[in-house]
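Here is what each chain is made of, one letter per residue.
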Amino acid sequence: MIERQLQPLLHELVGVVLAPTSALGDATGQIRPAGVQGVFHADARVLSRAELRVDDRELEGLTRGDDGPHGVRFVSLARWLGDPVPDPTVRVDRLRRATRNGLSEELRIVSTATVGVRATVSVDLGCDLAPIELVKSGGAAVPLEAKIGQPGTLTWSADGITVTVTGVGADVLASDERVTAPRLAWSVELPPGGETVLRWHLTVEDPRAVVVGPAGEPGWSRPEVTADDRRLVRLLDRSLNDLRGLRLAETGAPRDEFLGAGVPWFLTLFGRDSLWAARMMLPLGTDLAAGTLRVLARRQGARIDPATGEAPGKILHELRRQAFALPDNGLRLPPAYYGTVDATMLWVNLLHDAWHWGLPAEQIEPLLPHLETALRWLGEHADPDGDGLIEYVDTTGHGLSNQGWKDSGDAVRFHDGSLATAPIVLAEVQGYAHEAAVNGAALLDAFGRPGGDRWREHAAALARRFRESFWVDGRYGPQPALALDRDKRPVDSLTSNIGHLLGTGLLTGDEEDQIARLLTTDTLAGGFGLRTMSTDDAGFSPLSYHCGSIWTHDTAIVLAGLARAGHRDAALGLAEGLLAAAEGFDYRLPELYGGDDRSLVNRPVPYPAACRPQAWAAASAVLLLQAATGLYPDVPGGTFRLTPLAGAELGAISVSNLRVADAPVHVTVDRTGEATVTGLPTPLTPTLPTQRRPKSPTSH
């Protein structure tokens, strides 16, 4: 039997991150030479092993817990040492912290014994400098030979990267069989009741890295929140710590920060992920949005290049130090890859939304030429067959076969489970495109640029074409198809994609009502959030990457769309699912998790290869907070809307230090749903809310 080479599992590993550095180890703190364990820096594994032993024996792990935003503490026992009594008398705390260019560990050995303790403490190390794509594919790299430098110092070098480990006061063993498995060793003598602290640290020199840690502190506020539902407070606190660790900048432009997509596979610039995360973070300020917009504008497409997917005006999909290749499935992506159908529209929509939240005109104006170029891509390149709809196809044979956010090879499936054939016209992409055309027109008008009427007409034509092509009959009545295939046949599965249409302007009010009814059926909403595909569809599997799992950001986006459109009950149901999932994942929500029914399993089932932390999953906590407060400002229009989701069901909430036009804003919602806001910049006047309450779904 041929043994498969499988992607390594992540769900039981413990991570720390301060981008571009991250580390993953097991629950006891060991970093073993297996799977995806290791310390990573900008797409390379710079340490593949860090195993702690005392007297050449493994410690017994007790527990672990966060220690600040970039650290974790592991608590273990050495029960063979100390007093010969039932209670343990020698404890070892291992404090691990990520740094911008490496990692540090502090080993605190504490004795409460009545006798002295002697022991040898050691850390076995290894370095393979494996590229992230090799690790992701389940492949193995050959350990590199270590060189002994200054006392207590080891170095490894290859491919322009130099890795240095220093053990303060340690002896170094790195000869003969230990040349690829060197050891730091300390001799420890503790008096009765004594303790000692040992330290080692890792640093990385990586001049070829395409991303670095940004300058200064995060460009967003940290709100102070009190809430009846403490899960929301805990989720927000953990998420903001994780987001702090995911901050990145391009090499050479350290002041334009963006969020790296996720640990460990995607800790770099991803157009779609970074844009959605920045959009979710707007209630905390516009600096992150501005940095993300500028970074992607600098890499906006300028020519037609089928090999990279580049086209004039198109926004980048992902950026790597080198080609990203997964040989087992034929995927081979260039370092700068443009294979995304939606990032360009999302860039336009982020610029528009940041403007509404108060991004100053002097920061918008330099981006207007990029806006016009992005709109030209929408009109000239996004619809190659000229039928009025946006589509994609990979012409290289080694790029992404699906180029929406559900980008796995089997993501676009008919109700009977069969795969759709490209070119593919995705439902939510038409919504993003409609929204971008309308939003782009508003920006052009406001800044005295021509073309607004053209893009409003473009949007109207797109809405008509969508209405003619996408609506099909389903079990719960009319529904938009997931997509159209090569022959323009509707791909008739019921999926979460339709929830992204809410608020894009593509739908009528009645159509939004029907989508809200579809989204509240048990087939989609019966898990801890919103399933990516309904349980009625043949392709459904609760642990399929895009056909039945639950994605945190997907649920949050749809929840926010429902809340903003006034579908309170539907939004509350998804909010409860997310908060229950957060509790099950210790408030660090992963990229995705299983779509099992809540009545079957009383906690969310991990998706074993999900990134955690992940940018748009963590930023979903801020989007949930915004929906709870219901604050929707329009600074250039001089208005705001306050329609909170908090109240009787979600409970009271008070939030200080939201940001509108860089002014600190305080929103309070009591248990009846009565809301007040203070601190808004003047003159912003309130507009009246509209509440829509969909009827319960009914079967045919």
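Everything below is about the structure printed above this text.
### Digging into the packing of helix 5 (residues 343–356) against helix 7 (residues 368–380)
Right, so step 1: Between helix 5 and helix 7, the shortest axis-to-axis distance is 10 Å and the interhelical angle comes to 140°. With respect to their mutual orientation, helix 5 and helix 7 come out oblique. The hand of the helix 5/helix 7 crossing is left-handed. Taken together, the residues of helix 7 that come into contact with helix 5 (itself represented by Thr-344, Met-345, Trp-347, Val-348 and Leu-351) are His-370, Leu-371, Ala-374, Trp-377 and Leu-378.
Right, so step 2: Taken together, the residues that form the contact of helix 5 with helix 7 break down as eight nonpolar, two polar and no charged.

### A few points about the environment of Arg-222
Right, so step 1: Checked against the element boundaries, Arg-222 lands in the loop between strand 17 (211–212) and strand 18 (224–227).
Right, so step 2: Residues Arg-222 and Ser-656 lie 434 residues apart in sequence; the distance between their C-alpha atoms is 8.9 Å.
Right, so step 3: Sequence-distant contacts of Arg-222, that is, excluding residues within four places in its chain, are made with Asp-237, Leu-240, Asn-241 and Asn-657.
Right, so step 4: Separated by 2.7 Å, the side chains of Arg-222 and Asp-237 make a polar contact.
Right, so step 5: In terms of polar contacts, Arg-222 uses its side chain to reach the side chain of Asn-241, at 3.0 Å.

### Regarding the environment of Gly-216
Right, so step 1: Counting through the fold element by element, Gly-216 comes out in the loop between strand 17 and strand 18.
Right, so step 2: Taking relative accessible area as the criterion, Gly-216 reaches 54% and is therefore assigned exposed.
Right, so step 3: A sequence separation of 41 residues divides Gly-216 from Glu-257, and the C-alpha atoms of the two residues are 9.8 Å apart.

### Let's talk about the sheet that holds strand 37 (residues 685–686)
Right, so step 1: Read from one edge of the open sheet, three strands run 32-33-37, paired in mixed fashion. Of all strands in the sheet, those with a lone pairing partner are strand 32 (631–634) and strand 37, marking the two edges.
Right, so step 2: The pairing of strand 33 (residues 639–642) with strand 37 spans two bridges and is classified as parallel. Looking at the pairing, Thr-639 lines up with Thr-685 of strand 37.

Definitions and limits used
Residues numbered from 1 in each chain as written. Predicted model: local features only at pLDDT ≥ 70, side-chain atom pairs only at ≥ 80, totals over all residues. Heavy atoms only, no water. Axes fitted to C-alpha atoms, helices over the stretch in contact; angles between N-to-C directions. Helix = DSSP H or I, 4+ residues; strand = E, 2+ residues; numbered from the N terminus. Parallel < 35°, antiparallel > 145°, perpendicular 65-115°, else oblique. Left-handed = near helix turned anticlockwise from the far one by under 90°. Contact = heavy atoms within 4.5 Å. Nonpolar A, V, L, I, M, F, W, Y, C, P; charged D, E, K, R; others polar. Polar contact = N/O pair within 3.5 Å; in protein donor to acceptor, adjacent residues only side chain to side chain. Buried < 20%, exposed > 50% of the residue type's maximum accessible area, 1.4 Å probe, protein only. Pairing = 2+ DSSP bridges.

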